[in-house]
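# Per-entry structural report
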Amino acid sequence: MNRTTLSFLAGVAALAAVTGFAEMKTPAAPGAHTAKAAAQLPVERTSLLCPAPSTSDLADTSYTSFTPVTAGTDDSGKAELQAAGEESGDGTSSKNKKKPAKPVLTPKAPGTPATGDSSGADSPALLGTAEGKYAPGWTVQETTEVAAGNGRGLQGVNCTAPDTEFWFPGASTSADRTDYVNLTNPDDSAAVVDIDLYGKDGDLKSTVGEGITVEPHADEPILLSTLTDDQETDLTVHVVVRSGRVGAAVQALDAKLGGDWLAASTDPAGSLVMPGIPKDATSVRLIAFTPGDSDADLKVRLSSPTGMITPAGHETVHVKAGMTVGVDLGDVTRGDPGSLVLTPTDQSVPVVAALKVVRGKGSKQETAFIPATSQVGTRATAADNSSKGSTLSLVAPTRTATVKVTASAGSGGGTPVSKTYTIKAGTTQNVELPVPGGLKGTYALTVEPRSGGPVYAARTLSATEEGVPGFTIQTLPDDRGTVSVPQTDEDLSVLQKK
C-alpha cells in the first residue's frame, strides 16, 4: 500500500467525521489488507435551515433547539442560529438583506432544550450551524400560531439540512390554496434551482421555474401559482439544485382549512410508510407520484393498534408514470390512531407520497401533512413538547420492535426520564409519553429502537384555539448524528514507512 492510498483513506475518514452527510465506504483492494467493519463516530458539524415562518402580522412563532447527549464527543463546540439576509461570509450582501438581528435563541449544552420566539410577518428565515458536542442529532423545531386569516391554526416544521433535491407530493394550486416553496441558501455563493410541477396529467410545462437564483445567505419564497396557470388540486413539486445547495419546504395555506408546512417526502422507494394519523382525523387524502417511466401499483394498508387493515374500497392505488394521483380515504382511522403503509403489488416502482390530514368539522377544521418518511434508524428527536398537547406515534410495520423513549430535562428545569415500549408487528401505538420530573418549560423526546424490526415515528402537537383543533405533525427519521468511518486491519503508521 503506497502513500497515495493512505492519503485517500485518511481523507475519506476526515471528510465523513466532519460532514456527517453521507456514509463513506472504502473500495475493495486486492491483497490481504482489507477494511474492517466501519466504526460509527459522532458527526462534528451540522447545518440546519429554518424557513421564514409566516407572512401574517398575526403570527407568533416559537423555536426550540435541542442536542441529545452523544457518547464519544468532547467538551468543545458551539451552535448558533443567524437570521438569513445578513451580510454573507465574503462581505457581500444579498438582495434580501434585512437589518442584522440577534439570534432568536442560543442553543444550550446537550441534554437541555433552548427556546426563543418571534412575531409578525417580518420574522426571517434562520441559518444554523452546530459544531463539536452540539452537532450530533441537533434538532430545531419551528412552531407558529396564526390567529386568523389564510392558513390560520398551528403550523410546524423541523428545520432541515441543506440538500440538492426534494420531492413534495401534496402541494396545490387550487383556488382555495396559497402554496409557497420556501428556499433557503446557507452558503456564501448563489444557488441556482429548478422547480418542476406534476399534476394529474403529468408535467406542467413552464420555463418560469427554471434557473431560479437564491442569493447567498438568503431565503426565497416562490408562490406556486406564479409558475403555472393550471389549477391543480393535487400537485407534486420537484426541487432540483443546479449549483450550490438549499433547504426547502412547502407552506400550504388554505382559506377554509387552515394550513401547515409540507416537509419533503423521503427519496422515491417501492414501499413507503406515513406514520401518525390522529385518531380523530375526519378526512385523510393520499397523494402519490412516481418519477420513473413505469406505472406503480401499490397495496394500501392501515397499520392500526391491533394490526394491519386493508381499507374497504381502497385496497390498491394505481399511479401512472409521471402523473400525480390523489385518493380520498375519508375517516380511514375510524377513531383509532394509525399509519398508512404502501407496498408494491408486483414489480417495485419508486414512488413518493404524502397524506393531507384534516381534523374538525364545518368552519372549525384544520389541516396537517404527513410525508412518507424513512425509519428512525439509530435515533431521532422531536423538540418542543409540553406536559399536554404532544402525541408520539410508533409504528413497526414488519416485525415486533422494542423502543426506548427519553424525555429530556425541560428548558427551564426538570429531570430526564426514559421508558421502553414494545410495538407489535404491524401495529401503530400512541404511547404514553414520559414526562420529566419537575418539568419547567418545554422538553425533547428522543426515540431509540433497541431490538426487532424497523420503527417509524411521528409526533403531533395540538393546541385548540376558539374551538378550532389546531395541530401539526412532524415525522422522525434518523437524526444522522453519527457517520460510518472505515477502519483498516493494519497499523497505517507502520505501512507508511514501507
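Residues numbered from 1 in each chain as written. Predicted model: local features only at pLDDT ≥ 70, side-chain atom pairs only at ≥ 80, totals over all residues. Heavy atoms only, no water.

## Thoughts on the overall build of the protein
The test is simple: What counts as a helix is a DSSP run of H or I of at least four residues, what counts as a strand is a run of E of at least two, and both are numbered from the N terminus. It only takes one pair of heavy atoms within 4.5 Å for two residues to be counted as in contact. Here, Shrake-Rupley sampling with a 1.4 Å probe gives the accessible areas, and only protein chains in the shown set may cover a residue.
Summing up its helical and strand segments, the protein has two helices and 37 strands in all. Long-range pairs, those at least 24 residues apart, make up 81% of the contacts in the protein with a sequence separation of at least 6. Summed over all atoms, the accessible surface of the protein reaches about 20900 Å², with 48% contributed by carbon and sulfur.

## Side note on the sheet that holds strand β23 (residues 324–330)
Note the following rule: Two strands qualify as a pair provided that DSSP identifies no fewer than 2 bridges between them. Simply put, an axis is a line fit to the C-alpha atoms, just over the touching stretch for a helix, and the angle between two N-to-C directions goes from 0 to 180 degrees.
The strand order β23-β19-β25-β26 describes an open sheet built from four strands, whose pairing is antiparallel. Looking at which strands have only one partner, the edges of the open sheet turn out to be β23 and β26 (364–371). Here the average twist between neighbouring strands, direction ignored, is 20 degrees.

## Some details on the confidence of the model for the protein
Applied cut-off: Think of pLDDT as the predictor's per-residue confidence, scored from 0 to 100.
Scored by pLDDT, the protein has a mean of 88; 87% of the residues are at 70 or more. With pLDDT under 50 throughout, residues 1–35 is counted as low confidence; its partners more than four residues away or in other chains account for 49 contacts. Low pLDDT, under 50, characterises residues 87–100; the stretch is placed with 24 contacts to residues that sit more than four places away or in other chains.

## Focus on the pairing of strand β25 (residues 352–361)
For the record, the criterion: Each residue gets one of three labels from its accessible area relative to the maximum for its type: buried under 20%, exposed over 50%, partly exposed in between, using a 1.4 Å probe on protein chains only.
Of all the ten residues making up β25, nine are buried; the element is thus mostly covered by neighbouring parts of the structure. Looking at chain direction, strand β19 (residues 281–289) and β25 are connected through eight bridges and run antiparallel. In the sheet register, V284 faces β25, and the bridge partner there is V357. Of the pairings in the sheet, the one linking β25 to β26 comprises eight bridges and is antiparallel in character.

## Digging into the state of the cysteines
Spelled out, the test is: Note on terminology: disulfide denotes any pair of cysteine sulfur atoms within 2.5 Å.
Throughout the structure, instances matching the rule amount to one disulfide. The partner cysteine of C50 in its disulfide is C159, sulfur to sulfur 2.0 Å. On the sign convention where negative is left-handed, the bridge of C50 and C159, at about 110 degrees about the S-S bond, is right-handed. Pair noted here: C50 is in strand β2 (residues 45–50) and C159 is in the loop between β8 (153–158) and β9 (165–171), with a separation of 109 residues, a long-range link. Residue C50 is classed as buried on the basis of its relative accessible area, which comes to 0%. Given a relative accessible area of 7%, C159 falls into the buried group.

## Quick look at the environment of P337
Along the polypeptide, P337 turns up in the loop between β23 and β24 (338–344). Classification of P337 by relative accessible area gives buried; the value is 10%. Along the chain, P337 and P275 lie 62 residues apart, while their C-alpha atoms are 9.4 Å from each other. Excluding anything up to four places from it in sequence, P337 contacts I277, K279, S303, S304, P305, T428 and N430.

## A closer look at the pairing of β26
Taken across its eight residues, β26 has seven buried, putting it largely inside the fold. Hairpin connection of β25 to β26: two residues between the antiparallel strands, including G362 at a positive phi of 60 degrees.

## Topic: the pattern of salt bridges
In plain terms, the rule: Salt bridge, as applied in this entry: a Lys or Arg side-chain nitrogen positioned within 4 Å of an Asp or Glu carboxyl oxygen.
Summed over all chains, the structure comprises eight salt bridges. Its salt-bridge partner being D203, residue K205 comes within 3.2 Å of it at the nearest N-O pair. On the basis of relative accessible area, K205 is assigned to the exposed category, the value being 72%. Between R285 and D234 there is a salt bridge whose closest N-O contact spans 2.7 Å. Of the two residues, R285 sits in strand β19 while D234 sits in the loop between β14 (218–223) and β15 (235–243), which places them 51 residues apart along the sequence. Residue R285 is classed as partly exposed on the basis of its relative accessible area of 23%.

## Quick notes on the side chain of E366
Under the convention used in this document: Charged residues are defined here as Lys and Arg on the positive side and Asp and Glu on the negative side; His and the ends of the chain fall outside this count. Polar contact is defined as a pair of N or O atoms within 3.5 Å, subject to the rule that within protein one atom must be able to donate a hydrogen and the other to accept it, and that residues adjacent in sequence are counted only when both atoms are side-chain atoms.
In this structure, E366 sits in strand β26. Buried charged residue E366 carries no salt bridge. Nearest counter-charge: R152, at 4.7 Å. A distance of 3.3 Å separates a polar atom in the side chain of E366 from the backbone nitrogen of G259.

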